[in-house]
Amino acid sequence: MMFTPWRSALVYAAWVTLISWLTGTVVLTAASLAFGDNLGPTGPEPLAWCRDQAVFLVTCTTLLALARRLLSPLPRWRTVLIDGALYVLALGIANAVPYRSVSPGEILDAAALYSFFGLFTLQLPTAWCLSAWRSGKLDAVLKKRHTLDDEERATPTR
């Protein structure tokens, strides 16, 4: 059986999460400054926005790393589908839970709303592209099975 080592899974998750988040933040900030909106880091509550984004970064990195570590290595298209769904779920969790919205329906509503913003700010397309690119760089390792050496074979077990 094959698996992905922790280091490789964490590097993959960090790349996908941080670069896509940075892309979304830059686009959101540029749109916010250009149109005078109160969205994102230039809005009326920048500390609340920073808290929500920190929750997202930790949640998404954790979910993606666990998925890559616990699932056996998959083809790129399946990795993008699974990790894309986890990324949208992390958007919903990170943006609904800080406001005490923890029912499954509210998390799904938040995931749908923030996935729309993720598409608008190019965060989701960047995550999908990075997932496709970085999944080819994941390490795959065979689990070592315990084999009996000559001494263990020679001694009878009772």
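Going by the structure above, here's the rest.
Residues numbered from 1 in each chain as written. Predicted model: local features only at pLDDT ≥ 70, side-chain atom pairs only at ≥ 80, totals over all residues. Heavy atoms only, no water.

Participant: I tried to follow the pattern of salt bridges on my own but got confused; where do I start?
Facilitator: Side chains carrying opposite charge are able to pair once their charged atoms draw close together. Evaluated as defined, the whole model comprises one salt bridge. A salt bridge links D83 to R68, with the shortest nitrogen-to-oxygen separation between them at 3.0 Å. Residue D83 is located in helix α3 (residues 76-96), and its partner R68 is located in helix α2 (residues 46-70); the two are separated by 15 residues in the primary sequence. Take D83: its relative accessible area is 2%, and that puts it in the buried class. (Salt bridge = Lys/Arg side-chain N within 4 Å of Asp/Glu carboxyl O. Helix = DSSP H or I, 4+ residues; strand = E, 2+ residues; numbered from the N terminus. Buried < 20%, exposed > 50% of the residue type's maximum accessible area, 1.4 Å probe, protein only.)

Participant: Can you help me understand the nonpolar core in this one?
Facilitator: What tends to happen in soluble globular proteins is that the nonpolar side chains get buried as a cluster. Counting residues in each nonpolar core, the largest one holds 20 residues, and the members touching the most others are V16, W21, F56, C60, L64, Y87 and L91. Of all the secondary-structure elements, those providing two or more residues to this core are α1 (6-35), α2, α3 and α5 (123-135). Ranked by residue count, the leading element in this core is α2, at seven residues. In this view, F56 contacts T17, W21, Y87, A90, L91, A94 and Q123; residues no more than four positions away in its chain are not counted. (Core = buried A, V, L, I, M, F, W, Y, C linked by side-chain atoms within 4.5 Å. Contact = heavy atoms within 4.5 Å.)

Participant: Just checking my understanding: could you explain the packing of aromatic side chains for this structure?
Facilitator: How two aromatic rings sit relative to each other is set out by the distance from centre to centre and by the angle between their planes. Applying the stated criterion across every chain, the model contains four aromatic pairs. Seen in terms of ring centroids, Y114 and F117 are 6.0 Å apart; in terms of plane orientation they differ by 55 degrees. Their pairing is tilted. Of this pair, Y114 and F117 both sit in helix α4 (residues 104-120), separated by three residues, roughly a single helical turn. Here the aromatic residues Y114, F116 and F117 are joined through ring pairs into a cluster of three or more. (Phe/Tyr/Trp six-rings, centres within 6.5 Å; stacked < 30°, edge-to-face > 60°.)

Participant: Explain the environment of W15 here, please?
Facilitator: Following the sequence through the fold, W15 ends up in helix α1. Separated by 112 residues in the primary sequence, W15 and A127 have C-alpha atoms spaced 9.0 Å apart. Residues in contact with W15, not counting those within four places in the same chain, are S20, L130, W133 and R134.

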